[in-house]
Amino acid sequence: MGLLSDPNRRKALTSLLTRLNTPICIVCYLAAIVWFMGLAFEPFTLRTYMSENAMGSTMVEERFSSGERALSLAKEFNAHKKKAGGMPVEWLVKSMQARGLEVFTQSFSRKLPFPDENKERYMVRGTNVYGILRAPRAPRTEALVITAPCSPGNSNNQAVGLLLALAEYFRNQVYWAKDIIFLVNEHDLIGMQAWLEGYHHTNITGMEYSPLQGRAGSIQAALSLELSSDVITSLDLVLEGLNGQLPNLDLANLLYAFCQKLGVLCTIQGKLQRNDWDTAEGYTHAAQTMVLMVLKQACGRSWGDHGLFLRYHIEAASIRGINSFRHYKMDATTIGRLLEGMTRKLNNLLERLHQSYFFYLLPSLSRFVSIGYYMPAFGLLAVILLLRALDLWVHLGTPALTAVDGVTEAEQPSSPGVLTVLTPVVISHLTGVALYLLPVHLQEMAVEHFPVSETEAVVLTAIAIYTAGLALPHNTQRLLSGEGTEQGWKVLKLTALLYLAVLLGCTALINFSLGFILAVTLVPITASITPHMPKSLCALAMVLLSPAFTILYCVFIYQELIEVPVSLGEGWMLFLSVISQGILDHTLYGSLVYPLLALFIYPCWLMFWNILFWN
């Protein structure tokens, strides 16, 4: 405190930070990248452990032995699904009733803002079927959910069969202290969203659905099953939910503990854990796993049905069966016993999962990176913006030295007019509003005048508005007065730097991965841009580091990490698909990535674009 309260010391510190501003910023940027990549090195991470006492031991005896029955039910379900041309509602209702469950259905419908060409749907109608196993030893105030989506074709039939077999087995046990809901939802996330909104009496996405006739207690946890083969070689744990939310780490630890107990191969991001962390190959494997999690979390979409539960503070995860070319095989009985053990452990909970971490990264299932370890990497990037803002603030308050009749005098710089700064800020944000609203609303007009589909019209309109924003400097300069031009761009940049620092900071608190990726690409160019730099070269650098190109880079990196590399043409088509899916996810489920980029990040980037072409 004495350093800051003493005027002389404060002046010396400010002078030092101003004089060494650029070297400090470069060191901070390099340190941030090195820090982040070092998080995958095992000695720098923490070993996972069970924080919840009720789940601290896997000492339960799993007795499920109806694996063959589950596969038989899966074949029967598949036959009725083909016969019905979709969800076999009547067969599911009878099957659940035969197992002693209270069975209910829910119909729903949702009109998409534009056709989803990935799944070839526009007007979606479906039915959810769920059965409730009432707890015989408790007042029925709490519940667990086991769900299996009804997917088209031959997908996920085994999951539905296993769900029904588990319901039959659980019905004969007397130790349940929580209601157990067995849910089969149609149309994947749309059906799950309808059921959750109906269960919690909310409607935040404009979904049309019938009210639920049967309810259980407050849902404590949920497991989503995705099995599409009679033989499974490994189980992949999917944690990433809507807007980058993650379940409590104890839920992941519970699955990993039972996989170890039963000898089941368990993966995360589709990658098996390696023990040779002290080799280059081991570190590379851990780094790829961690970066994959960062990319999936940053996109803000739900990577399974579990992701929508997290919005309601329900800890959930998806368990995905993988059938690869590994020699190790496991049957449905083993998977059933694993789910039985997990359900029994969750049944023992006296309160919601809360003692372990909610913010973490996983380089492997046995190691994790907590928020206290990965946040400094973002902090180093944010410091760069604050240091550049401090440098501008000092220069704005420093009088300019002028020589009059051989005598040097300090001339107080003139202050820029309000319109000088306000005009580009307002116009940039109006462009962001147009980018957010117009693509969907102008699709009909675009289809009438151009030979494109509705989805292509939405995506191409968004790209057109994004590109039109590059003309903003030539338009805003006509509205600006010529007074205080030099001071004007400095004030605008000071405002933009602080604005970007706040935006990225708030984003990183909610979704670290998204905030970090945006900071890595935006901070270097925004911190260094001035009107006195070479226009052509800097304009190219700004475009290549813009939000749209950041998404494009992430698409190619993701494809490389999952070992499915794509060509430039294929990558461009995936990029267009990501844009359309982002708009759909925002409309259907409330994903915040698209409005964040359109209404805030892109306008902020346009403010720096104006600074480059400042006259």
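If you're wondering where the values come from, they're calculated on a predicted model, not measured in any experiment.

### Section: the sheet that holds strand S11 (residues 360-361)
Moving on, step 1. Spatially, the 3 strands line up as an open sheet ordered S1-S12-S11, and their pairing is antiparallel. The open sheet terminates on both sides in strands that have one partner only, identified here as strand S1 (46-47) and S11.

### Thoughts on the packing of aromatic side chains
Moving on, step 1. Across all of its chains, the model carries 24 aromatic pairs by this definition.
Moving on, step 2. Ring geometry for Phe 170 versus Trp 176: centroids 4.7 Å apart, planes at 55°, classification tilted. Each member of the pair, Phe 170 together with Trp 176, is buried.
Moving on, step 3. Ring geometry for Tyr 175 and Trp 176: centres 4.9 Å apart, planes at 65°, overall edge-to-face.
Moving on, step 4. The class of Trp 176 is buried, set by a relative accessible area of 1%.

### A word on unusual backbone geometry
Moving on, step 1. Phi is positive for Asn 243, which is not a glycine, with a value near 60°.
Moving on, step 2. Of note in the backbone geometry, Gln 269 takes a positive phi value of approximately 60° without being a glycine.
Moving on, step 3. Positionally, Gln 269 belongs in the loop between strand S9 (266-268) and helix H9 (280-298).
Moving on, step 4. Judged by relative accessible area, which is 11%, Gln 269 ranks as buried.

### A few points about the side chain of Asp 236
Moving on, step 1. Structurally, Asp 236 is set in strand S8 (residues 234-238).
Moving on, step 2. Arg 320 is the oppositely charged side chain nearest to the buried, salt-bridge-free Asp 236, at an N-O distance of 4.9 Å.
Moving on, step 3. There is a polar contact of 2.7 Å between the side chain of Asp 236 and the side chain of Thr 267.
Moving on, step 4. Within the structure, Asp 236 has its side chain in polar contact with the backbone nitrogen of Gln 269 (distance 3.5 Å).
Moving on, step 5. Apart from residues lying up to four places away in sequence, Asp 236 is in contact with Thr 267, Ile 268, Gln 269, Gly 270, Ser 318, Ile 319, Arg 320 and Ile 322.

### Observations concerning the packing of helix H13 (residues 418-441) against helix H22 (residues 593-612)
For any two helices packed against each other, the geometry is given by the interaxial angle and the distance between the axes.
Moving on, step 1. It is at 8 Å that the axes of H13 and H22 come closest, and there the two elements cross at 145°. The two elements H13 and H22 meet at a crossing, and its hand is right-handed. Side by side, H13 and H22 meet where Pro 424, Val 425, Ser 428, His 429, Thr 431, Gly 432, Val 433, Leu 435, Tyr 436 and Pro 439 of the first sit next to Tyr 594, Pro 595, Ala 598, Leu 599, Tyr 602, Pro 603, Leu 606, Met 607 and Asn 610 of the second.
Moving on, step 2. Here the contact of H13 with H22 is built from residues that sort into 14 nonpolar, 5 polar and no charged.

### Some thoughts on the environment of Phe 358
Moving on, step 1. Positionally, Phe 358 belongs in the loop between helix H11 (332-347) and S11.
Moving on, step 2. In the structure, Phe 358 is positioned 113 residues away from Gln 245 in sequence and 8.2 Å away in space, judged by C-alpha atoms.
Moving on, step 3. Apart from residues lying up to four places away in sequence, Phe 358 is in contact with Leu 246, Pro 247, Asn 248, Glu 315 and Leu 353.

### Quick notes on H11
Moving on, step 1. In this model, H11 (16 residues) spans 22 Å end to end at C-alpha, consistent with the 22 Å of a helix rising 1.5 Å per residue.
Moving on, step 2. Of all 16 residues in H11, 13 are buried; the element is thus mostly enclosed.

### Re the pattern of salt bridges
Moving on, step 1. Under the definition given, this model contains 10 salt bridges.
Moving on, step 2. Linking Arg 274 and Asp 276 is a salt bridge whose minimum nitrogen-to-oxygen distance equals 2.6 Å.
Moving on, step 3. For Arg 274, a relative accessible area of 37% puts it in the partly exposed group.
Moving on, step 4. What makes Asp 276 partly exposed here is its relative accessible area of 24%.
Moving on, step 5. Through salt bridges with shared partners, a single network forms among Glu 102, Arg 134 and Asp 179.

### Observations concerning the domain arrangement of the protein chain
Often, the extent of an interface is quoted as the loss of accessible area on bringing the components together.
Moving on, step 1. You can read the domains of the protein chain as domain 1 (7-39 + 374-399 + 414-613) and domain 2 (53-365).
Moving on, step 2. Here domain 1 and domain 2 share an interface that buries about 3200 Å² over both sides, 64% of which is from carbon and sulfur atoms.
Moving on, step 3. Considering only the surface of domain 1 that becomes buried against domain 2, Leu 561, Leu 588 and Tyr 589 emerge as the three largest contributors, covering 23% of it.
Moving on, step 4. Counting the contacts that link domain 1 with domain 2 gives 0 salt bridges.
Moving on, step 5. Counting every contact that joins domain 1 to domain 2 gives 10 residue pairs in polar contact (both at pLDDT 80 or more).
Moving on, step 6. Residue contributions to the side of domain 1 that touches domain 2 peak at 9 residues, all from helix H21 (residues 568-589).
Moving on, step 7. Residues belonging to the side of domain 1 that touches domain 2 are distributed by class as follows: 22 nonpolar, 12 polar and 3 charged.

### Brief notes about helix H3 (residues 21-38)
Moving on, step 1. Along its 18 residues, H3 runs 25 Å from first to last C-alpha, staying within 8% of the 26 Å computed at 1.5 Å per residue.
Moving on, step 2. Regarding H3, the residues found buried are Asn 21, Cys 25, Cys 28, Ala 32, Phe 36 and Gly 38. One side of H3 carries all its buried residues, which in axial view fall inside an arc of 155°. Seen from the buried face of H3, the exposed residues on the opposite side, beyond 90 degrees, are Val 27, Leu 30 and Val 34.

### A closer look at the UniProt feature "transmembrane region" (unreviewed entry) in the protein chain
Moving on, step 1. UniProt records the feature "transmembrane region" (unreviewed entry) for residues 20-41, 371-390, 418-438, 458-476, 496-525, 537-558 and 591-612 in the present numbering.
Moving on, step 2. Taken end to end, residues 371-390 has its terminal C-alpha atoms 27 Å apart, with 100% of it in helix and 0% in strand.
Moving on, step 3. End C-alpha to end C-alpha, residues 537-558 measures 28 Å, and it is 91% helix and 0% strand.

### A look at the side chain of Thr 530
Moving on, step 1. One can find Thr 530 in the loop between helix H18 (512-528) and helix H19 (535-544).
Moving on, step 2. The buried category is assigned to Thr 530, whose relative accessible area is 19%.
Moving on, step 3. Excluding its chain neighbours within four sequence positions, the residues that come into contact with Thr 530 are Trp 489, Lys 493, Ile 611 and Leu 612.

### Section: a nonpolar patch on the surface
Moving on, step 1. On the surface, a cluster of nonpolar side chains totalling about 490 Å² of accessible area is made up of Val 418, Leu 419, Leu 422, Val 426 and Leu 430.
Moving on, step 2. The topology assignment puts Val 418 in helix H13.
Moving on, step 3. In this structure Val 418 comes out as exposed when scored by relative accessible area, which is 64%.

Conventions adopted
- For every chain, the first residue of the written sequence is number 1, and numbering continues from 1 onward in sequence order.
- The predicted origin of the model limits local features to residues at a pLDDT of at least 70 and limits the giving and counting of side-chain atom pairs to 80 or more, whereas totals for whole chains, interfaces and linings rest on all residues.
- Processing note: side-chain calculations cover all non-hydrogen atoms of the structure and skip hydrogens and water entirely.
- Pairing between two strands is assigned when DSSP locates at least 2 bridges connecting them.
- Note on conventions: DSSP H or I runs of at least 4 residues are helices, E runs of at least 2 residues are strands, and numbering of each starts at the N terminus.
- Working definition: a ring pair exists when centres of Phe, Tyr or Trp rings (six-membered ring for Trp) sit within 6.5 Å. Plane angles under 30 degrees give stacked, over 60 give edge-to-face, the rest tilted.
- Exposure categories follow from relative accessible area, calculated using a 1.4 Å probe and restricted to protein chains: below 20% of the type maximum is buried, above 50% is exposed, and the middle band is partly exposed.
- The convention is simple: Lys and Arg are positive, Asp and Glu are negative, and His and the chain ends are not counted.
- We define a salt bridge as a side-chain nitrogen of Lys or Arg found within 4 Å of a carboxyl oxygen belonging to Asp or Glu.
- By the criterion applied in these results, polar contacts are pairs of N or O atoms within 3.5 Å in which, for protein atoms, one can donate a hydrogen and the other can accept it, and in which residues neighboring in sequence qualify only through two side-chain atoms.
- When checking whether two residues touch, look at their non-hydrogen atoms; a contact exists if any pair is within 4.5 Å.
- Lines are fitted to the C-alpha atoms to define the axes, a helix being fitted only along its stretch in contact, and any angle between axes, read from their N-to-C directions, falls within 0 to 180 degrees.
- Crossing handedness is defined as follows: a turn of the near helix away from the far one that is anticlockwise and smaller than a right angle gives a left-handed crossing, while the clockwise case is right-handed.
- For this scheme, ten residues count as nonpolar: Ala, Val, Leu, Ile, Met, Phe, Trp, Tyr, Cys and Pro. Four count as charged, namely Asp, Glu, Lys and Arg, and the remainder, Gly too, count as polar.
- Each helix should span, by expectation, one fewer than its residue count multiplied by 1.5 Å.
- A domain assignment, automatic or from a database, supplies the domain bounds used here.
- We define buried area as the total accessible area lost by two parts upon association, computed with a 1.4 Å probe and summed across both.
- Starting at the helix axis, one direction is taken to each C-beta atom, and the arc is that of these directions.
- UniProt positions are given in the numbering used here, feature names are shortened, and annotations may be inferred rather than shown by experiment.
- What makes a patch is a set of residues exposed beyond 30% relative accessible area and free of salt bridges, joined within 9 Å when like-charged and within 5 Å when nonpolar (Val, Leu, Ile, Met, Phe, Trp, Tyr).
- Each accessible area is a Shrake-Rupley result for a 1.4 Å probe, and residues are judged covered by the shown protein chains and nothing else.

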